[in-house]
Amino acid sequence: MRKKLRIEGVAAPEQARGEYVYIPFEVPPGARRIEVNYHYENQVVGAQEFNPGNNIDIGVFDVRGHDFLHGGFRGWSGGARSAFYISPDAATPGYLRGPLQPGEWTIMFGLSKIEEPSRYRVNIEMDIDPSADTAAEPGEVPVPGGNVLREAVAGGSNGNGGGRWYRGDLHAHSEHSDGANTVEEIVGYVHRAGLDYFALTDHNTISHWDELARLQQRGGPTLLIAGEEITMYTGHANVWGLDGWIDFRGTDAERVQRLIEHANQRGSMFSINHPDSPIPWKHNSVHGYQAVEVWNAPWRYYNEPALIRWQYQLNSGKRMVAVGGSDSHCVPPAPMTQPNGPGEPCTWVWVEGPLTQKAVLDAVAAGRVFISEAPNGPMLDLRADADGDGVFELLPGDVFQPERGQKVRFHVKYRGPDGKHLRFFNRRGLERDIIAESEDFDDEFEMRCDGDEYLRVECRGFRGRPDRGEVVHALTNPIYWGRW
Ligand SMILES: [Zn+2]
Ligand SMILES: [Zn+2]
């Protein structure tokens, strides 16, 4: 038996940008499949940032309700699709398969852009099995991927306890949100690109974790990490390694603060993405997050302001981890609508022992991170020898306590094209500027370490036309001393 519902309404420009609208509908007992499609007037053509028209995003909650942080999330496709379905064992990418519990479900609209009144229509069609036992317990909605990703150990990892740098990417998208590729195509690409770890962070959903878990179990050189890009109308943030979906309805600073605390309580960092562009971060009053994506997509796009913002945070005494993210939305065979693939930029993490999801995220949280433009480099490794024993035991992210006026030796190892600038920064600004004279360049120097200070390194040089200015080829997180 097929049951059809039609819901009509009007979205008005007076409704604030970023408002969510909730449209309830009834799922009868015995539902075997729910199909939804929706249409509205004056839909924008192309990117909504640059073109006139309306945009209405869509998602759905089940009988568990749609309370902030605790709703029964069943999927989100933003503005990427006009139709989706959910059944017990399959669903459209972006949506979660599982029991179709009878009762009140809710379509959620996200009014991201309404320039003029827009009449909308939602069509819902359900397959009903009238013989189904209406008293049967509907069961739990499974978390995609189960525990596979949290328990996986990368095949090529160094299990003997010695530390090394691992290369990876913390930010990318698939067809489970607005990306062009299947998860399998992207994972094939990151295997070939030589990434040691890779986090897929589709917008506002976790439905891609099932495929990640399947591909992790099939094997390969790359550790796959469960991620979600919290995609608000007032800024974006990445969370990684969670035990399930996390809400994205941070409509004001108070809610964003609660989201950050909720992510932290559940064992994830909260990392602000591309804080200055293309979707600027509007919540400068919130705190408790650990990382900022200082480098998103190719350097020249919009990263210089993010670097300045990060330097400002450091200079005001705030310890903050800089990470990179390709924000890749396409790999071959899809048309390459952006010039960079996963791993560009590449976020390198220092891990001792087996390479697991927890080990990667602990390294990120500790700031044991440097970023370079690609998986093949350049490599930029900053160390310090605070106890004077000739071993450079301190890495980026580490904090040490020098004696008053103590001279500490630093070492930088650079592997990349020669002729590039290595610039060392602290709270006062540029501290030291040298040229890497060879492709295997090592430099050692001594610095008086007083107060609450840090030291970090950037590698800069020209790419293409010199009149377009320098780009960053690589940058490290700081080594800190004093109180942080
Ligand atoms: Zn984003
Ligand atoms: Zn993104």
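Quick caveat, the model's predicted, so the values are computed rather than measured.

Asker: What is the right way to look at the sheet that holds strand E6 (residues 83–86) in this model?
Answerer: Two pairing modes exist for strands in a sheet, parallel and antiparallel, and in both the strands are linked by backbone hydrogen bonds. The four strands lie next to each other as E1-E8-E3-E6, forming an open sheet whose pairing is antiparallel. Edge positions in the sheet fall to strand E1 (2–11) and E6, since each of these pairs with one other strand and no more. When strand polarity is set aside, the average angle formed by the axes of neighbouring strands in this sheet is 15°. Relative to strand E8 (residues 118–128), E1 runs antiparallel, the two sharing 10 bridges.

Asker: I would appreciate a short explanation of the pairing of E8 in the present structure.
Answerer: The side chains of a regular strand alternate, residue by residue, between the two faces of the sheet. Pairing of strand E3 (residues 31–40) with E8 involves nine bridges; the strand directions are antiparallel. When the bridges of E8 are listed, Asn 37 appears paired with Asn 123.

Asker: Would you take a moment to explain the sheet that holds strand E23 (residues 440–449) for this structure?
Answerer: In space, the three strands of this open sheet follow the order E18-E20-E23, with antiparallel pairing throughout. Edge positions in the sheet fall to strand E18 (379–385) and E23, since each has one partner strand and no second. In this sheet, neighbouring strand axes are inclined to one another by 20° on average, regardless of whether the strands run parallel or antiparallel.

Asker: Explain helix H6 (residues 304–315) here, please?
Answerer: For the α-helix, the turn length of 3.6 residues means that residues three or four positions removed from each other point alike. Taking 1.5 Å per residue as the helical rise, H6 with its 12 residues ought to reach 16 Å, and the 16 Å between its terminal C-alpha atoms agrees with that figure. Of the positions making up H6, those classed as buried are Ala 306, Trp 310 and Leu 314. The buried residues of H6 occupy one face: seen down the axis, they fall within an arc of 80°. Opposite the packed face of H6, turned more than 90 degrees from it, sit the exposed residues Ile 308 and Tyr 312.

Asker: Mind showing me how you'd approach the nonpolar core here?
Answerer: Side chains of a nonpolar character, in soluble globular proteins, are inclined to be buried together. Judged by nonpolar contacts, the single largest core of 115 residues is most densely connected at Ile 225, Val 360, Val 364 and Val 369. A per-element tally of this core places strand E11 (residues 223–232) first, with six residues. In contact with Ile 225, not counting residues within four places along its chain, are Leu 149, Tyr 197, Phe 198, Ala 199, Trp 240, Gly 241, Gln 357 and Val 360. Formed by eight residues, the second largest nonpolar core is a distinct cluster that contains Ala 11, Ile 58, Phe 109 and Ile 114.

Cut-offs applied
Residues numbered from 1 in each chain as written. Chains lettered and ligands numbered in written order. Predicted model: local features only at pLDDT ≥ 70, side-chain atom pairs only at ≥ 80, totals over all residues. Pairing = 2+ DSSP bridges. Helix = DSSP H or I, 4+ residues; strand = E, 2+ residues; numbered from the N terminus. Axes fitted to C-alpha atoms, helices over the stretch in contact; angles between N-to-C directions. Expected span 1.5 Å × (residues − 1). Buried ≥ 20, exposed ≤ 12 C-beta atoms within 10 Å, placed from the backbone. Arc of directions from axis to C-beta. Core = buried A, V, L, I, M, F, W, Y, C linked by C-beta atoms within 7 Å. Contact = placed C-beta atoms within 7 Å.

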